[in-house]
Amino acid sequence: MTKHVPPVDQVTEFRNDILAGLKAPRKTISSKWLYDDVGSHLFEAITELDAYYPTRTELALLEKHARNFARLPGARGAMVELGSGSSRKTNLLLDAFPDLSVYMPVDISANHLKDAADRVRRAYPSLAVIPVAADFTQPLGKLPLLPELPVLVFFPGSTIGNFEKDEATLLLQSVREAMPDATMIVGVDRPKEEKVLLEAYDDPSGVTAAFNLNLLQRINRDLSGTFELKRFVHRAVWNASESRIEMHLESLADQSVQIGDAVIPFQEGETIHTENSHKYDAAAFAEIANRSGWRILDEHRDAQSWFSVYVLQAI
């Protein structure tokens, strides 16, 4: 197997982000860096866990309403997927959109993106598959789409919840500016019992812990870091005031870690905040959508109101 070597510019961005975050008064690292090749595969394993309700709940909603989605203009044009995640979700829509011309997955993980694109090409040989290796949290600019095609943006997995509210607004604005006439299908997780949430983000089998700790291993590998993984532990915390689950890596001792020439001190109990997962009720998400230039055409919820799939129209 050929070892994946990340591009030099991505390593530089990774280093700058990591050092800035770890030198901040409250240590933090952007959740986008969780998704290297290993992290992407671990996240796919998380989605298979019994405790992790979002994937199966969203899948059921997509399956139930796929025929409705097939009536959207972009279902007969180009589908742009932000984050080439679960092939089950992608295939479900592709099966329901027989007249789709172009599928464009956008993902920061080049190897994961290639695998996803290759799977789709094999399964749908008549479909034009155009993978774009990009950080969709940054301004997308003009994507290489045929201008006459209507566009449907697919943003599943409640990924929108990983961003601060202002960041989520800017992200949706960026998508609208890049694809000004698009419609959008977006998955949004909703507030629910704390016990359900904590079990979903801190599973007993330790897959989520391995996913979170892999970030330290990535720093060691790509940035010559000296993290000892056994001296950190995964923590999931429900922040009720912000309506979000937070993932942290907690230091188990006073210690120092080197990243290249930089020395990062940790106190026992100090954490690195690695991910947020905001849970939005209908009013909270509508506010974000409206502020970013989208209007809600439809909302589909499961019977327990645990998860929503929205259809948005750029305005």
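See above for the structure.
Overview of the structure. (Residues numbered from 1 in each chain as written. Predicted model: local features only at pLDDT ≥ 70, side-chain atom pairs only at ≥ 80, totals over all residues. Heavy atoms only, no water.)

Bringing the packing of aromatic side chains into the picture now. This structure, assessed with the given rule, holds 12 aromatic pairs. Taking the centre distance of 4.9 Å and the plane angle of 45° together, the rings of Phe 14 and Trp 33 count as tilted. Of the two residues, Phe 14 sits in helix α1 (residues 8-22) while Trp 33 sits in the loop between α1 and α2 (37-46), which places them 19 residues apart along the sequence. Neither residue differs from the other here; Phe 14 and Trp 33 are each classed as buried. Aromatic side chains Phe 43 and Phe 211 sit 6.0 Å apart centroid to centroid with 45° between the ring planes, which places their arrangement in the tilted category. (Phe/Tyr/Trp six-rings, centres within 6.5 Å; stacked < 30°, edge-to-face > 60°. Helix = DSSP H or I, 4+ residues; strand = E, 2+ residues; numbered from the N terminus. Buried < 20%, exposed > 50% of the residue type's maximum accessible area, 1.4 Å probe, protein only.)

Attention now goes to the sheet that holds strand β11 (residues 271-278). Ordered by their spatial adjacency, three strands build an open sheet running β7-β8-β11, and the pairing between neighbours is antiparallel. With partners counted over all chains shown, the strands left at the sheet margins are β7 (232-239) and β11, one partner each. In this sheet, neighbouring strand axes are inclined to one another by 20° on average, regardless of whether the strands run parallel or antiparallel. With seven bridges connecting them, strand β8 (residues 244-251) and β11 associate as antiparallel partners. For Glu 246, the partnering residue across the bridge sits in β11 and is Asn 276. Relative to β7, helix α7 (residues 194-201) is tilted by about 155°, and along the sheet it contacts β7, β8 and β11. Relative to β8, helix α8 (residues 207-223) is tilted by about 60°, and along the sheet it contacts β7, β8 and β11. (Pairing = 2+ DSSP bridges. Axes fitted to C-alpha atoms, helices over the stretch in contact; angles between N-to-C directions. Contact = heavy atoms within 4.5 Å.)

Moving on, we get to helix α6 (residues 165-178). Taking 1.5 Å as the rise per residue, α6 with 14 residues should run 20 Å; its terminal C-alpha atoms sit 20 Å apart, in good agreement. Of the surrounding secondary structure, the elements contacted by the buried residues of α6 are β1 (78-82), β5 (151-155), β6 (183-189), α9 (282-291) and β12 (294-301). (Expected span 1.5 Å × (residues − 1).)

Note that Pro 105 resides in strand β2 (residues 102-107). Taking C-alpha positions, Pro 105 is 5.4 Å from Ser 84, a pair spaced 21 residues apart along the chain. Residues within four places of Pro 105 in sequence aside, it is in contact with Glu 81, Ser 84, Leu 113, Val 129, Ile 130, Pro 131 and Val 132.

Another aspect to go through is the pairing of β1. Buried residues dominate β1, accounting for five of its five residues. Burial along β1 is two-sided: Ala 78, Val 80 and Leu 82 facing one way and Met 79 and Glu 81 facing the other are all buried. Sheet analysis places β1 next to β2, joined by five bridges and oriented parallel. Bridging across to β2, Met 79 finds its partner in Tyr 103.

To continue, consider the nonpolar core. For soluble globular proteins, nonpolar side chains are generally found buried alongside one another. Of all hydrophobic cores here, the largest spans 38 residues; its most connected members are Ile 219, Phe 227 and Ile 259. Ranked by residue count, the leading element in this core is α8, at seven residues. The residues contacting Ile 219, other than those within four sequence positions of it, are Phe 14, Ile 18, Ile 29, Ser 224, Gly 225, Phe 227 and Ile 259. If you look at the next biggest cluster of nonpolar residues, it comprises 30 residues, including Ala 178, Val 186, Phe 285 and Leu 312. (Core = buried A, V, L, I, M, F, W, Y, C linked by side-chain atoms within 4.5 Å.)

Shape descriptors only; they carry no functional weight alone.
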